[in-house]
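# Fold and geometry: a report
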Amino acid sequence: MVTNDKGIVSFKHKIMEEVCRLAWQGKLNDDEKEKLVYDMVPGPKSQYCCVYKEREIVKQRIHLACAECPSDKPATDGIVQVINAACDDCPISAFSVTDSCRFCMGRPCQNSCRFNAISPGDVRMHIDSAKCKECGMCAKACPYGAIVHLERPCKKACPVGAITYDEYGFCRINEEKCVQCGHCIHSCPFGAIGSKTYLVHIINDILADKEVIAMCAPATEGQFGENITMASVRAVLKKLGFSDMVEVGLGGDMTAAYESLEWSEARKEGRKMTTSCCPAFINLLRQHYPEVFKNNMSNTVSPMCAISRYLKATHPGCVTVFIGPCIAKKSESNDPTIPDNADYAVTYGELSALMRSRDVSFEGVTDEYQEASVWGKRFAASGGVANAVLECMQERGEDVSDIKLLKCAGGTECKKAVMQLKLGMLQEDFIEGMVCSGGCVGGPSKHKTETEIQRAREALLSKADGRKVLENLKNYPMEKFSMFRDGSPSAGKLK
């Protein structure tokens, strides 16, 4: 996990780890949860502020670790949740007067305000947050730059304006707007925002002797250093009790192959399209640009869903668990409109907590494991999806030299591109949209910095063989499951 405050992340993950330990022991009951609260914050002195407040935060984090909403909130389907007890130290006012105010006679700030929100205080000007409309005119007017914009980091990180505040200053997430990207989670310096975690459900399924199969995102290669291969990850997952692991880069091959068919058809019709892989981007379209979602989004399922459907077709009754850097994948796995998708999605930080709860760690292994082409493996980086789709079109003999692509990474770029598409102003033929900067490797739950990940990834990917995408898929029973979101038959489409 990469964050500016490792203390918060360590505290959160320690709670997850202890909850998992209790689940493995079959002791995750109310009494043990209460005991855990006091074990984490024994008192009598607090580490940060108030011992009672810290215990309340632990209590609510236990709820999230059990995939529940905080107990002081109405139950919702939203993955991203706010812990009120941790969210009360940010300034309510967006604009604030600093000590640099000279209390000048001209009062340019007061004269610029059209809402009578500024008045003289004892030693400097004062802004009434109840009247302030956050227009920023006072800050522009101040000759000393004494008025600053104190935008909360969670609100600043949200790409869709889903975060507001109630009358007490508590963060509120508008679930009709939220795309579940999770960018707000690691931007909060108090750790007040978190996501539901499904580790307890996974442990219970393993203990019930169900066939639980892990599916590791393409971004996994490089997350733990260049010595930890997919085979290493597979080995540690089996130690945890998973029946097996499949790399989702194979799903990247599947998605690229079928999406390339859609691109070819759209190209003939002169119709523009968007890709189907980033769940936060899909949520952005569905919730904020429904016409674009209906008319321009690919009907091909994501690599995660493709592998889940493949596994459920070949291992009836199995439980599929996606592992990656993405928070939004949790919302995709819960999407009732996409049948046979992953049962659960967990992040790398959650995987690390699960490993510690069983006292296992990564080790280098000599086994070789590769099911995906290098094109599917590169789905994790911005441009990887589009390049894989073009590769499939070329493998079918199509000339793609005249295709114009727009590769968007980050919420601002994605919104700009989609708005151009909506208004009929998009010059390119296809949009590859990823809400995280750099693509999936820049996801909110990445385990290292993007530079470290990319360096390790290149070392690992350089060892992959050069198999072609379409040839690779001939080794898999593509006729046994649908590759389309609506569930329509896809058998025979690649021939």
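Look up a bit, the structure's there.
The structure reproduced in this document is the subject of the present report. For clarity, every value in this text was computed on a predicted model and none was experimentally measured.

What follows covers the sheet that holds strand 11 (residues 273-274). The strand order across the open sheet formed by three strands is 11-15-14, and the pairing between neighbours is parallel. Looking at the sheet topology across the chains shown, the edges are occupied by strand 11 and strand 14 (405-409). With two bridges connecting them, strand 11 and strand 15 (residues 430-434) associate as parallel partners. Note on strand 15: the bridge partner recorded for Thr 274 is Ile 431.

Turning next to helix 12 (residues 303-314). Compared with an ideal rise of 1.5 Å per residue, which puts 12 residues at 16 Å, helix 12 spans 17 Å between its outermost C-alpha atoms and is within 8% of the ideal. Counting buried positions over the 12 residues of helix 12 gives 10, a clear majority of the element. Considering only its buried residues, helix 12 is in contact with strand 9 (212-216), strand 10 (244-247), helix 9 (249-269), strand 12 (319-324) and helix 13 (328-333).

The next point concerns the packing of aromatic side chains. All told, the structure shown has seven aromatic pairs when counted by the stated rule. Where Trp 263 meets Phe 430, the ring centres are 4.0 Å apart and the plane angle is 5°; that geometry is what we call stacked. Here Phe 430 lies in strand 15 and Trp 263 lies in helix 9, a separation of 167 residues in the sequence. Measuring from ring centre to ring centre gives 6.3 Å for Tyr 310 and Phe 481, while their planes differ by 50°; the resulting arrangement is tilted. Of this pair, Tyr 310 sits in helix 12 while Phe 481 sits in the segment after helix 19 (469-473); the two residues are 171 residues apart in sequence, bridging distant segments of the chain. The buried category is assigned to Phe 481, whose relative accessible area is 7%. When the ring centre of Phe 103 is taken as origin, the NZ or CZ atom of Arg 107, which lies over that ring, is 4.7 Å away. For the cation-ring pair, Lys 329 lies above Phe 322, with the distance from its terminal atom to the ring centre recorded as 5.6 Å.

So, on to the nonpolar core. Soluble globular proteins: nonpolar side chains tend toward being buried together. Residues Leu 237, Phe 242 and Met 254 are the most contacted members of the largest nonpolar core, which totals 145 residues. Look past the residues within four positions of Met 254 in its chain and what remains in contact with it is Ala 306, Ile 307, Tyr 310, Leu 473, Met 478, Phe 481 and Met 483.

The subject of this paragraph is the pairing of strand 9. Strand 9 sits mainly inside the fold: five of its five residues count as buried. Of the two faces of strand 9, the one carrying Val 212, Ala 214 and Cys 216 and the one carrying Ile 213 and Met 215 are both buried. With five bridges joining them, strand 9 and strand 12 adopt parallel strand pairing. The partner of Met 215 across the bridge, within strand 12, is Phe 322. Both strand 9 and strand 10 contribute to a ladder of four bridges, which runs parallel. If you follow Ile 213 over to strand 10, its bridge partner there is Asp 244. Once you follow strand 9 into helix 8 (residues 230-240) and on to strand 10, the crossover reads as right-handed.

What follows covers the pattern of salt bridges. Summed over the entire model, instances satisfying the criterion amount to 27 salt bridges. Of the charged contacts, one joins Glu 17 and Lys 14 as a salt bridge, the two residues approaching to 3.7 Å between their closest N and O atoms. One end of the pair is Glu 17 and the other is Lys 14, both in helix 1 (residues 6-24) and three residues apart, which spans about a single turn. Given the relative accessible area of 7%, Glu 17 is considered buried. When its relative accessible area of 34% is taken as the criterion, Lys 14 is described as partly exposed. Each of Lys 14, Glu 17, Glu 18, Arg 21, Arg 356 and Asp 359 takes part in a single network of salt bridges with overlapping partners.

The rules we used
Residues numbered from 1 in each chain as written. Predicted model: local features only at pLDDT ≥ 70, side-chain atom pairs only at ≥ 80, totals over all residues. Heavy atoms only, no water. Pairing = 2+ DSSP bridges. Helix = DSSP H or I, 4+ residues; strand = E, 2+ residues; numbered from the N terminus. Expected span 1.5 Å × (residues − 1). Buried < 20%, exposed > 50% of the residue type's maximum accessible area, 1.4 Å probe, protein only. Contact = heavy atoms within 4.5 Å. Phe/Tyr/Trp six-rings, centres within 6.5 Å; stacked < 30°, edge-to-face > 60°. Lys NZ or Arg CZ within 6 Å of the ring centre and 35° of its normal. Core = buried A, V, L, I, M, F, W, Y, C linked by side-chain atoms within 4.5 Å. Right-handed = clockwise from strand over helix to strand, strands pointing away. Salt bridge = Lys/Arg side-chain N within 4 Å of Asp/Glu carboxyl O.

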